[in-house]
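So you can see what is in the structure, the chains are spelled out below.
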Amino acid sequence: LRYCRRQARAGLIRAPGESPYDFARRVALSRPEEAERADQIARVYVSLRYREGKADDTVLIRRLRRLTGWRP
């Protein structure tokens, strides 16, 4: 959500029902400098949100925080 809010301030509002991958692709088309980061955020988010197992999420959560600029 933090990343989506940041993109909304730049004029890219995530549509209701738009998948993380579709939003990342749209960000990449509008802001090429954000292409790789948007793709990485979408991949990590989907891994955390839609995984089937209960694997250790610590590494993925740290990566997502680093990518989105989260600061405790």
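Residues numbered from 1 in each chain as written. Predicted model: local features only at pLDDT ≥ 70, side-chain atom pairs only at ≥ 80, totals over all residues. Heavy atoms only, no water.

Q: Explanation requested: the overall build of the chain in the structure shown.
A: Counting its regular elements, the chain contains four helices and zero strands. Its helices and strands taken in sequence order, the chain reads α-α-α-α from the N to the C terminus. Residues counted as buried form 26% of the 72 residues belonging to the chain. (Helix = DSSP H or I, 4+ residues; strand = E, 2+ residues; numbered from the N terminus. Buried < 20%, exposed > 50% of the residue type's maximum accessible area, 1.4 Å probe, protein only.)

Q: Got a minute to help me understand the nonpolar core in this structure?
A: Generally speaking, a soluble globular protein has its nonpolar side chains buried in company with each other. In terms of nonpolar packing, the biggest core is built from twelve residues, these being Y3, L12, F23, A24, V27, A38, I41, A42, V44, L48, L64 and L67. For this core, the secondary structure elements donating two or more residues are α2 (20-30), α3 (35-49) and α4 (58-68). Excluding its chain neighbours within four sequence positions, the residues that come into contact with L64 are I41, V44 and L48. (Core = buried A, V, L, I, M, F, W, Y, C linked by side-chain atoms within 4.5 Å. Contact = heavy atoms within 4.5 Å.)

Q: What should I look at first to understand the confidence of the model for the chain in this one?
A: Reading predicted coordinates in detail is not appropriate for stretches of low pLDDT. Taken over all residues, the pLDDT of the chain has a mean of 85, while the share at 70 or more is 89%. Taking the mean pLDDT of every element in the chain, the minimum, 77, falls on α4 and the maximum, 96, on α2. (pLDDT = per-residue confidence, 0-100.)

Q: Got a minute to help me understand the side chain of E18 in this structure?
A: Within the secondary structure, E18 sits in the loop between α1 (2-9) and α2. Residues in contact with E18, not counting those within four places in the same chain, are I13, F23 and R26.

Q: Where do I start with the pattern of salt bridges in this structure?
A: Where charged atoms from two side chains of opposite charge approach closely, those side chains can pair. The tally for this structure, following the rule as stated, stands at five salt bridges. Note that R26 and E18 form a salt bridge whose closest N and O atoms lie 2.8 Å from each other. Residue class for R26 comes out partly exposed when judged on its relative accessible area of 27%. Of the residues examined, E18 reaches a relative accessible area of 12% and is grouped as buried. The salt bridge involving D22 is made with R25; its shortest N-O contact spans 2.5 Å. Of this pair, D22 and R25 both sit in helix α2, separated by three residues, roughly a single helical turn. The exposure class assigned to D22 is partly exposed, which follows from its relative accessible area of 36%. (Salt bridge = Lys/Arg side-chain N within 4 Å of Asp/Glu carboxyl O.)

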